[in-house]
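Topology and contacts: notes
Residues per chain are reported as follows:
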Amino acid sequence: MSTPLTRRTFLAVSGTAAAAALTTDTAAAASGAAAPGLKLGTEPSPNGGHGIVITEASSGRVLARQQAPLQILAKVGDSPVDTSAGYDHVTRSGDSLVGTGTVATAAGSRYRFTDRWTLEAGAVLLRREVRVDKAADSLEMGFNSRLALGTGQDGRLDKYDLFIPGVRYGDPAGLPGGALTGSDTDDYGYVRSMRLTLPFVALRRRDGGPTLTLSHDDARPRTDRQGYVNERSSSWWISDSIQYASLGFHQVPRTELALVYPAFEGQRTYLGGQWARRSHPVREGFTHSYTVRITLGEHEHFPSAAAAVWRDHWARSGPKPQAATGSQVHAAGIGLLAGLVKPYNGFAGLPFRVRLPSGQPDAVSYVMGFIGQQAPAGYQLLRAGLLKGDRDLADRGRSIIDFWVGESALPNGLPKLWIDGHQPHWREWYPAYLRVAADGMDGVLDAARLMRRGGEPQQAWERYLTAFAGFLVEHQNADGSFYRAYNWDGSVNSDAKTNTSHPIRFLTNMRRLTGDERYLNAALRAGDYYSRSTAGQFRFVGGTADNPNVVDKEGGGMAMNAFLALYDATRDDRWLTEARRAADYTATWLMGWSWQVDTPRRAYRELGGLGLSLIATGHSGLDNWLSYQSCNFYRLFLFTDDDYYRAIARTLMSIGLRTTQFNGNDLGYAKNGLVEEAIGLSNLVAEGTNVWLPWSSVAQVEPLSQLEDIFGSTDLDRVEHMPLAERKQRNTAFGQRL
């Protein structure tokens, strides 16, 4: 676990042109006190005029510099032509600087820059305006301006850790082929801002030095429909309606952060080809403007830097939670699940998917956990029925559990996981993925614990669970790990160990059910392995069964489940520290800003993906999976008194539930409880799956049921009327009960 040092924040004005060579010779810098501990001044630009440099006053150390702050990318034919210059004039007023200058291109166009640099609230704000003074429009058809920033340290990108939330977490390990910024050998890695959970990018050299962060402040992405821009196309579009930036890096000739406005995306894009370029027209008198926030901080290492940078941006830009809607969504979810349970193939279960907006099932296929969540859904219905005294509802849940217990068990303790068709047949080629099996067994175990607490132990269910727990104990590797997937005969199907966290919660709860210490010992050994194998990183990989070993949010969420379960079982603060590490990472997948989307669908039109979460690296899809962790974040708040975790939990239990239909939130779906399984919004239009899958509702119902089990209500607003001391006592007691 990386523990942040006491943070020293340096206010910095910095950057460099792609073609300008940085120098560490600060003797030429004209000094001036920008803030205590800093010197802000100018230095000669290799392109003529003035650059800006920021140094640490006590040591003269260069924190950041920008030798050629004025940069234009002009479309000449089918190529961008890069031209840069220094300021012609720089004037100082207190802690503020105003730099003005002109970039004259070879084609004859002239672009006038007015840059206002201001120290505000622990950062430097650059308010930039670029005006086309002269247009050589017969040659230059479009233009972009760029702010490029460097720390003054040499080295290619492989010497740095790069943090782009939802896109990259340090080095490119764990990024799938074709992923944005997925190679340290690329000269450019510009990403359109709508692919980021918050619009910033951060850089830190691995051997130390300041963490440089660049963010697009007050970003409001849009492209007017009247602009005739096809945002799904990689073609080079020119329109004054394009109002969004790209953020990322380039390393020509050295590694720097960059903001390009409007956006260039490349040299990788998810729109096909290497580049997707957007530009403004070269028209005399045309202006564009934007605000950039620049901060520098000193941190012990990359994980502490990334966590601190994200929290800083969340505190300033994250959403203000609305009234909690958990009770409405929980009721709608239970109602939907109950209404969909039928013996589609002779056995009770849920359809594999339902079409939106009609709410009609169109596939008969049961998956025990993961995307199908049959067994966990069965537990939720059983629980709701018993609480309400609704025997029919409880029987619907019980019938699902009975099916998996009675039909899926293999002689070695593994479960069969996927059954298809009206004339049911098991997918014999589908191995026992640890993620799918652990999800399903968690549901059966929750049901068994519930019945045991109620004085009606289910012996068949408990034998089924004990057989799987025995398989795990017998097949645990010497280093404490588990393999990713096993064949039906118990042999290894996939020897990756990145899913080791997935059965830990199950094993700790099996110890509660049975009192067998072997299960807790196996969980502790697995926790030790997983802690060691992920130490020093700010990423988790391998969270799913269908997207192997890539950086994703589910890896972080499964780590939260594991480490919190170990803390509940042992009260060892080590596991609470690990749970915080996982939570700090997982929270960075939560979409914390919004933009308007061109769609008739009210769920996304005004707030875009706000409160949803990016799915994984390698694409920009969104879903509601992070809802699973809402109660865990709230529990962490009560364990740590860290109000940040409370803010994340409240966001997930309010804004994060807004794309679900419930009473008072009519989205035009045929049934309450329906929520779209996944959606793409990075192209400023809604490109969704138009389907519901069972996991989408279980992800919302499960943590709200847990909230009710702990505090007596699914409504977080009501929970928070309870005295804090009582909430803490209940939270601790929950971790100790059967």
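The paragraphs below set out a description of the structure included in this document. All residue numbers refer to position in the chain's written sequence, counted from 1. Totals for whole chains, interfaces and linings use every residue, but because this is a predicted model, local features are given only for residues with pLDDT of at least 70 and side-chain atom pairs only at 80 or more, for both listing and counting. Hydrogen atoms and water are omitted, and side-chain values are computed over all heavy atoms in the structure.

**Looking at the overall build of the protein chain**
Where we set the bar: The numbering of helices and of strands both runs from the N terminus, where a helix is a DSSP run of H or I of at least 4 residues and a strand a run of E of at least 2. Each radius of gyration is computed over the set of C-alpha atoms, and the globule rule expresses the reference value as 2.2 Å times the number of residues to the power 0.38. Classification of residues uses two cut-offs on accessible area relative to the type maximum, computed with a 1.4 Å probe and protein chains only: under 20% is buried, over 50% is exposed, and between them is partly exposed. For this analysis, residues touch if any pair of their heavy atoms sits within 4.5 Å. For every accessible area listed, the method is Shrake-Rupley and the probe measures 1.4 Å; residues are considered covered only by the protein chains on display. Under the convention used here, Asp and Glu are negative, Lys and Arg are positive, and both His and the chain ends fall outside the count. All charge positions are set by atom: Lys at NZ, Arg at CZ, Asp at CG, Glu at CD.
If you tally the helices and strands in the protein chain, you get 16 helices and 35 strands. Computed over C-alpha atoms, the radius of gyration of the protein chain comes to 27 Å, within 12% of the 27 Å expected from 2.2 N^0.38 for 738 residues, which places it in the range of a compact globule. Based on the C-alpha atoms only, the size of the protein chain along its principal axes is roughly 85 × 55 × 50 Å. The proportion of buried residues among the 738 residues of the protein chain is 64%. Long-range pairs, those at least 24 residues apart, make up 67% of the contacts in the protein chain with a sequence separation of at least 6. Looking at the protein chain as shown, the accessible area adds up to about 24800 Å², and 47% of this sits on carbon and sulfur atoms. A distance of 2 Å separates the average location of the 78 positive side-chain charges in the protein chain from that of its 77 negative side-chain charges.

**So, the nonpolar core**
Quick reminder of the rule: Within this scheme, the nonpolar core is defined by two criteria: the residues are buried Ala, Val, Leu, Ile, Met, Phe, Trp, Tyr or Cys, and they are joined through side-chain atoms within 4.5 Å.
Phe163, Leu465, Phe506, Phe633, Tyr634 and Trp692 are the most contacted members of the largest nonpolar core, which totals 159 residues. Grouped together as the second largest cluster of nonpolar side chains are 47 residues, Ile54, Leu70, Phe113 and Leu180 included.

**A short note on unusual backbone geometry**
Between Gly266 and the following residue, Gln267, the backbone shows a cis peptide bond with an omega angle of 10°. Along the polypeptide, Gln267 turns up in the loop between β20 (264–265) and β21 (276–281). In this model, Leu356 is joined to Pro357 through a cis peptide bond whose omega is 5°.

**So, the pattern of salt bridges**
Any two side chains of opposite charge can pair if their charged atoms end up close together. Condition: One speaks of a salt bridge when a side-chain nitrogen belonging to Lys or Arg is within 4 Å of a carboxyl oxygen belonging to Asp or Glu.
Tallied over the entire structure, the rule returns 53 salt bridges. Ionic pairing is found between Asp171 and Arg539, a salt bridge with its closest N-O pair at 3.0 Å. Within this pair, whereas Asp171 is found in the loop between β13 (168–170) and β14 (188–192), its partner Arg539 is found in the loop between α8 (517–534) and α9 (553–570), the two being separated by 368 residues in sequence. What makes Asp171 partly exposed here is its relative accessible area of 23%. As a salt-bridge pair, Arg283 and Asp240 come within 3.3 Å of each other at their nearest N and O atoms. With Arg283 in the loop between β21 and β22 (287–298) and Asp240 in the loop between β17 (237–238) and β18 (246–250), this pair connects stretches of sequence that are 43 residues apart. In this structure Asp240 comes out as partly exposed when scored by relative accessible area, which is 37%.

**What to know about the packing of helix α14 (residues 694–711) against helix α16 (residues 724–734)**
Selection rule: What counts as an axis is a line fitted to C-alpha atoms, over the stretch in contact for a helix, and the angles between N-to-C directions run from 0 to 180 degrees. By definition in this entry, angles of less than 35 degrees are roughly parallel, angles greater than 145 are roughly antiparallel, angles of 65 to 115 are roughly perpendicular, and the rest are oblique. In this scheme the crossing of two helices becomes right-handed for a clockwise turn of the near helix relative to the far one and left-handed for an anticlockwise turn of less than a right angle. Classes in brief: Ala, Val, Leu, Ile, Met, Phe, Trp, Tyr, Cys and Pro nonpolar; Asp, Glu, Lys and Arg charged; the others, Gly included, polar.
Between α14 and α16, the least distance of the axes is 9 Å, while the angle of their chain directions is 110°. Compared by their axis directions, α14 and α16 come out roughly perpendicular. α14 and α16 meet at a crossing whose hand is right-handed. In this structure, α14 uses Gln706, Asp709, Ile710 and Phe711 to contact α16, whose residues at the interface are Arg727, Arg730, Asn731 and Phe734. For the contact of α14 with α16, the residue count by class is 3 nonpolar, 2 polar and 3 charged.

**Considerations on the sheet that holds strand β26 (residues 418–420)**
What counts is decided by this rule: Paired strands, in this sense, are two strands between which DSSP finds at least two bridges.
As summarised here, the arrangement of the 3 strands in space is β25-β26-β27, forming an open sheet in which the pairing is antiparallel. Every interior strand has two partners, whereas the edge strands, β25 (365–367) and β27 (425–426), have only one.

**Section: the pairing of strand β6 (residues 79–85)**
When strand β5 (residues 70–76) meets β6, the two strands line up antiparallel, connected through 7 bridges. Looking at β6, one finds that Leu70 is bridged to Ala85. Connecting β5 to the next strand, β6, in antiparallel fashion are 2 residues, including Gly77 with a positive phi near 65°.

**Focus: the packing of helix α12 (residues 630–640) against helix α13 (residues 643–652)**
Contact geometry of α12 with α13 gives a least axis separation of 8 Å together with a crossing angle of 155°. By the angle class used here, α12 and α13 are roughly antiparallel. The hand of the α12/α13 crossing is left-handed. For the pair formed by α12 and α13, the contact residues are Ser630, Phe633, Tyr634, Leu636, Phe637 and Thr640 on the first element and Asp643, Tyr645, Arg646, Ile648, Ala649 and Leu652 on the second.

**Description of α14**
To be explicit about the condition: Expected helix span is taken as 1.5 Å per residue step, with the number of steps being one fewer than the number of residues.
Relative to the 26 Å expected for 18 residues at 1.5 Å per residue, α14 spans 26 Å between its end C-alpha atoms, a close match to the ideal helical length. Within α14, 14 of the 18 residues are buried, which leaves it mostly tucked inside the rest of the structure.

**What about the side chain of Thr100?**
Topologically, Thr100 is positioned in strand β8 (residues 96–104). Contact partners of Thr100, with chain neighbours within four places excluded, come to Tyr87, Asp88, His89, Arg112, Phe113 and Thr114.

**Brief notes about the side chain of Gln251**
The cut-off we apply is this: Between N or O atoms, a polar contact is any pair within 3.5 Å; within protein, one atom must be a potential hydrogen donor and the other a potential acceptor, and residues adjacent in sequence are included only when both atoms are from side chains.
Tracing the chain through its elements places Gln251 in the loop between β18 and β19 (256–261). You can call Gln251 buried: its relative accessible area is 1%. One polar contact links the side chain of Gln251 to the main-chain carbonyl oxygen of Asp184, over a distance of 2.8 Å. When residues no more than four places from it in sequence are discounted, the contact partners of Gln251 are Arg156, Leu157, Asp184, Thr185, Asp186 and Asp187.

Coordinates in, geometry out; function isn't part of it.
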